[in-house]
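Summary of structural features
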Amino acid sequence: MNVMAKAEKKISSAFIYFFGSFGGILFGYDIGVMTGALPFLQADWHLENAASLVGWITSAVMFGAIFGGALAGQLSDKFGRRKMILMSAIVFVVFSVLSGVSPDMGEASAYYLIIVRMLLGLAVGAASALVPAYMSEMAPAKARGRLSGLNQTMIVSGMLLSYVVDFLLKDLPGEWAWRLMLGLAAVPALILFLGVLRLPEHHENHRGQILWFGNGLRFYHRRNILLLGG
């Protein structure tokens, strides 16, 4: 509250919009990265004839995302969008690294990776639910359509990034290739965490309204003013 009572605290609008939608990069990257990683993983763990396990490894993220998306909205109402995005980024970093360092224990390795990617899916689902909500709250009405398009652009950019990474790592030894492909997902997640640390939480005034003026954002909260200028 003391921070809000101070003079002006300025944060670039472009910075807010970029990192507010950056979660789409994570969503897109993890959707696309398995395309290149899977052939190396199958060869390394001898899963060529284990179609069911391969299917579960591939779809585990989306299975976890169902629950992540369902829970994220309720938790963000209680703890705030920004805090939940930060938590999602931490979960993403942790389980991306754990995916990359999966132990080689025969068939048990596949079950380990399935569980880890399901937990990773919680962060993927949370990001897909939280980013549009956060952006809609932070954006003035006249810009919401464009910013919705920005979120979709981030998702497909994440997919493109995963394909580029897969291509660049394809000549590495098989065991290293797929591990780096999966583990490098932690990098954009870390960038998201550091960027979102500077973003404002959603604030409302005493009438439950967000007021917009000029090129920046001005949040009025119980007569204390936080200015976010672009």
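Rules and cut-offs
- Residues numbered from 1 in each chain as written.
- Predicted model: local features only at pLDDT ≥ 70, side-chain atom pairs only at ≥ 80, totals over all residues.
- Heavy atoms only, no water.
- Core = buried A, V, L, I, M, F, W, Y, C linked by side-chain atoms within 4.5 Å.
- Buried < 20%, exposed > 50% of the residue type's maximum accessible area, 1.4 Å probe, protein only.
- Helix = DSSP H or I, 4+ residues; strand = E, 2+ residues; numbered from the N terminus.
- Contact = heavy atoms within 4.5 Å.
- Phe/Tyr/Trp six-rings, centres within 6.5 Å; stacked < 30°, edge-to-face > 60°.
- Salt bridge = Lys/Arg side-chain N within 4 Å of Asp/Glu carboxyl O.
- Patch = residues over 30% accessible without salt bridge, like charges linked within 9 Å, V, L, I, M, F, W, Y side chains within 5 Å.
- Areas by Shrake-Rupley, 256 points an atom, 1.4 Å probe, with all protein chains shown as cover.
- pLDDT = per-residue confidence, 0-100.

**Examining the nonpolar core**
Met34, Leu41, Leu47, Ile57, Phe92, Leu182 and Leu192 are the most contacted members of the largest nonpolar core, which has 56 residues in total. Of all the secondary-structure elements, those providing two or more residues to this core are α2 (13-21), α3 (23-45), α4 (51-79), α5 (81-100), α6 (107-138), α7 (144-169), α8 (174-183) and α9 (186-196). The leading source of residues in this core is α6, at 13 residues. Setting aside chain neighbours within four positions, we find Phe92 in contact with Leu26, Asp30, Leu120, Ala123, Val124, Ala185 and Ala189.

**Quick word on the packing of aromatic side chains**
Across all of its chains, the model carries four aromatic pairs by this definition. A ring pair is formed by Phe18 and Phe22, whose centres lie 5.5 Å apart and whose planes are at 50°; its orientation type is tilted. A relative accessible area of 38% means that Phe18 is categorised as partly exposed. Residue classification places Phe22 among the buried residues on the basis of a relative accessible area of 8%.

**As for the pattern of salt bridges**
Here the structure, examined in full by the defined rule, presents four salt bridges. Residue Asp30 is joined to Arg117 by a salt bridge in which the shortest nitrogen-to-oxygen separation is 3.6 Å. One end of the pair, Asp30, is in helix α3; the other, Arg117, is in helix α6, and 87 residues separate them in sequence. Assigned by exposure class, Asp30 and Arg117 land together as buried. Across the salt bridge formed by Lys170 and Asp171, the nearest N and O atoms sit 3.4 Å from each other. Judged by its relative accessible area of 36%, Lys170 is partly exposed.

**Some details on a nonpolar patch on the surface**
Together, Trp56, Phe63, Ile66, Phe67, Leu71, Leu75, Phe79, Ile115, Leu119 and Leu122 line one region of the surface with nonpolar side chains, adding up to about 920 Å² of accessible area. Mapped onto the nonpolar patch, the elements with two or more residues apiece are α4 and α6. The dominant element in the nonpolar patch, judged by the number of residues it contributes, is α4, at seven residues. With respect to the helices and strands, the residue Phe79 is situated in helix α4. Overall, Phe79 belongs to the partly exposed group, its relative accessible area being 42%.

**Some details on the confidence of the model for the protein chain**
A low pLDDT means the predicted coordinates there should not be read in detail. When the pLDDT values of the protein chain are averaged, the result is 79; 80% of them are 70 or greater. The low-confidence segment residues 1-8 (pLDDT under 50) makes 12 contacts with residues lying over four places distant or belonging to another chain. Contacts of residues 203-230 to residues separated by more than four positions or lying in other chains number 68 contacts, the stretch itself having pLDDT below 50.

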